[in-house]
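Structural characterization, general
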Amino acid sequence: MRVRLGPYRKNRAVNIEIEPHDTWNMDITLAHIIHPMLIQLKETKHGAPIVDDDDVPLGMAMSEEAKDKFSKTGEVDGQFHARWDWVLDTMIYAFEQKILDADEPHYGRMSNGFRLFGKYYEALWD
């Protein structure tokens, strides 16, 4: 596989060459690309999306008072960015384990990371 992407803009230069062996274990091939991108995104992000309470541990969920305040003023609570970091960390872990070819002991946590990746795919921006 060879990938060359120019700087982000409307008419971005894109040159991608896929070889037959790239799709043999495509999940692992993509993990090698996605994992470092998620790490960089976490390090350089300038914002965070709204994260559903069901996607984070109970102690991180937004209180009813904070939800009410957010809906009225747009003001976020103190855990707003921490929730997104937790989601990113879960995705990063899943793709790291995929690269390491981990399986059974990590399967549930990996599955959750991949689920979150799909759910928040359109929130992967800086």
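All figures in this text were calculated on a predicted structure; none of them were measured in a lab. (Residues numbered from 1 in each chain as written. Predicted model: local features only at pLDDT ≥ 70, side-chain atom pairs only at ≥ 80, totals over all residues. Heavy atoms only, no water.)

**Topic: the overall build of the protein**
We apply this condition: By definition, any uninterrupted DSSP run of H or I lasting at least four residues is a helix, any uninterrupted run of E lasting at least two residues is a strand, and each is numbered from the N terminus. Each residue is placed in one exposure class: buried if its accessible area under a 1.4 Å probe, protein chains only, is under 20% of its type's maximum, exposed if it is over 50%, and partly exposed if it falls in between. Areas reported here follow the Shrake-Rupley algorithm with a probe of radius 1.4 Å; residue values treat only the protein chains shown as occluding.
A count of helical and extended segments in the protein gives 4 helices and 2 strands. In terms of overall dimensions, the protein has a C-alpha envelope of 55 × 45 × 20 Å along the principal axes. For the protein, buried positions account for 30% of its 126 residues. Summed over all atoms, the accessible surface of the protein reaches about 8800 Å², with 54% contributed by carbon and sulfur.

**What about the layout of surface pockets?**
Spelled out, the test is: Using only the protein atoms, space was sampled on a 1 Å grid; points where a 1.4 Å probe fits but cannot get out form cavities, open sets with protein on both sides within 12 Å along at least five of seven lines form pockets, and lining residues are those with an atom within 4 Å of a point. Grid points are joined across faces, edges and corners, and a volume is the space filled by probe spheres set on the points. Classes in brief: Ala, Val, Leu, Ile, Met, Phe, Trp, Tyr, Cys and Pro nonpolar; Asp, Glu, Lys and Arg charged; the others, Gly included, polar.
Each pocket or cavity is described by its volume, and for the largest pocket that value is around 740 Å³. What lines the largest pocket is a set of 18 residues, and nearest its centre among them are Leu5, Arg12, Ile33, Met37 and Leu124. Taken together, the residues of the lining of the largest pocket sort by class into 14 nonpolar, 2 polar and 2 charged.

**Quick word on the environment of glutamate 75**
The condition that has to hold: Throughout, a contact is declared for two residues whenever any of their heavy atoms are within 4.5 Å. Counted as a polar contact is a pair of N or O atoms within 3.5 Å, where, for protein atoms, one must be capable of donating a hydrogen and the other of accepting one, and residues adjacent in sequence contribute only when both atoms are in side chains.
Residue placement: glutamate 75 occurs in the loop between helix H2 (64-73) and helix H3 (80-99). When sequence neighbours within four positions are dropped, the list of residues in contact with glutamate 75 reads Lys69 and Phe70. A distance of 3.3 Å separates the side chain of glutamate 75 from the side chain of lysine 69, its partner in a polar contact.

**Structural notes on the packing of aromatic side chains**
Basically, it comes down to this: Pairing of aromatic rings covers Phe, Tyr and the six-membered ring of Trp, with a centre-to-centre limit of 6.5 Å; geometry is then stacked below 30 degrees between planes, edge-to-face above 60, and tilted otherwise.
This model, assessed by the stated rule, comprises 5 aromatic pairs. Ring centres of tryptophan 84 and tyrosine 120 lie 5.8 Å apart, and the angle between their planes is 65°; this geometry places the pair in the edge-to-face category. Highlighted residues: tryptophan 84 in helix H3 and tyrosine 120 in the segment after helix H4 (107-119), separated in sequence by 36 residues. When sorted by exposure, tryptophan 84 lands in the same class as tyrosine 120, which is buried. Among the aromatic residues, those joined into a ring-pair cluster are Phe95, Phe114, Phe117 and Tyr121.

**So, the side chain of glutamine 97**
The residue glutamine 97 is located in helix H3 in this model. Apart from the residues within four sequence positions on either side, glutamine 97 is in contact with Ala102, His106 and Met110.

**A short note on the nonpolar core**
For the record, the criterion: Among buried residues, the Ala, Val, Leu, Ile, Met, Phe, Trp, Tyr and Cys ones that are joined through side-chain atoms within 4.5 Å form a nonpolar core.
Core analysis: the biggest nonpolar cluster contains 19 residues, and Leu38, Trp84, Val87, Met91 and Tyr120 have the highest contact counts within it. The set of elements that each furnish at least two residues to this core consists of helix H1 (26-44), H3 and H4. Ranked by residue count, the leading element in this core is H3, at 7 residues.

**Comments concerning a nonpolar patch on the surface**
Stated formally: For patch building, the residue pool is restricted to those with more than 30% relative accessible area and no salt bridge; the joining distance is 9 Å between like charges and 5 Å between nonpolar side chains (Val, Leu, Ile, Met, Phe, Trp, Tyr). Every case where a carboxyl oxygen of Asp or Glu lies within 4 Å of a side-chain nitrogen of Lys or Arg is listed as a salt bridge.
A cluster of nonpolar side chains, Met1, Val3, Leu5, Val14, Ile16, Ile18, Met26, Leu30, Ile33 and Met37, forms an exposed patch at the surface whose accessible area comes to about 900 Å². Mapped by element, the contributors of at least two residues to the nonpolar patch are strand S1 (2-5), strand S2 (14-17) and H1. In terms of residues, the nonpolar patch owes the most to one element, H1, which gives 4 residues. Relative to the helices and strands, leucine 5 is located in strand S1. Looking at leucine 5, the relative accessible area reads 49%, which means it is partly exposed.

**Examining H1**
Our working definition: Each residue after the first adds 1.5 Å to the expected span of a helix. Values of bend correspond, residue by residue, to the angle between axes fitted over the seven residues ending at that residue and the seven starting there.
Taking 1.5 Å of rise per residue, 19 residues should cover 27 Å, and H1 covers 27 Å from first to last C-alpha, within 8% of that figure. At histidine 32, H1 shows its maximal kink, close to 30°; a proline, proline 36, follows between one and four residues later. Those residues of H1 not exposed but buried are Ile28, Thr29, Ala31, Ile34, His35, Leu38 and Leu41. Among the structural elements, H3 and H4 are those in contact with the buried residues of H1.

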